[in-house]
Amino acid sequence: MASEDLTVSLLAFTGIYRRNMLKVLKEIQRIFTDYGWGSTDFRKEECRKALSEWDRARGQRIVAEHDRLVRANRSPSPPDPLDEFSD
């Protein structure tokens, strides 16, 4: 039974990972196309800057999401047994 649960979890993770990767690839593709990829008007330096900004913003989103999940899943601290004797 545990192995079936693990298989289901791995399949779910794989699906989420693939969806996220497709989203990332589409975002990168959009940036390249916005800056003229495939034409003689390709603005390489502007595209490079836009990709760098996108990467920085993506990193910030990932960190913010991680912090949000950590806060949401944080267990309350156990009571300090010495608190009873502080009075």
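The structure we're discussing is the one just above.
The model shown is predicted, which means the values in this text are computed figures rather than measured ones. (Residues numbered from 1 in each chain as written. Predicted model: local features only at pLDDT ≥ 70, side-chain atom pairs only at ≥ 80, totals over all residues. Heavy atoms only, no water.)

**Topic: the side chain of Glu27**
- Examined against the element boundaries, Glu27 turns out to sit in helix H1 (residues 2-34).
- Residue class for Glu27 comes out buried when judged on its relative accessible area of 19%.
- Engagement of the side chain of Glu27 in a polar contact is seen with the side chain of Trp54, the distance being 2.8 Å.
- Those residues in contact with Glu27, other than ones at most four positions away along the chain, are Trp54 and Arg61. (Helix = DSSP H or I, 4+ residues; strand = E, 2+ residues; numbered from the N terminus. Buried < 20%, exposed > 50% of the residue type's maximum accessible area, 1.4 Å probe, protein only. Polar contact = N/O pair within 3.5 Å; in protein donor to acceptor, adjacent residues only side chain to side chain. Contact = heavy atoms within 4.5 Å.)

**Remarks on helix H2 (residues 44-73)**
- Between its first and last C-alpha, H2 extends 43 Å over 30 residues, near the 44 Å set by a 1.5 Å rise per residue.
- Those residues of H2 that sit buried are Cys47, Ala50, Leu51 and Trp54. (Expected span 1.5 Å × (residues − 1).)

Remember, this is a structural readout, not a statement about activity or role.
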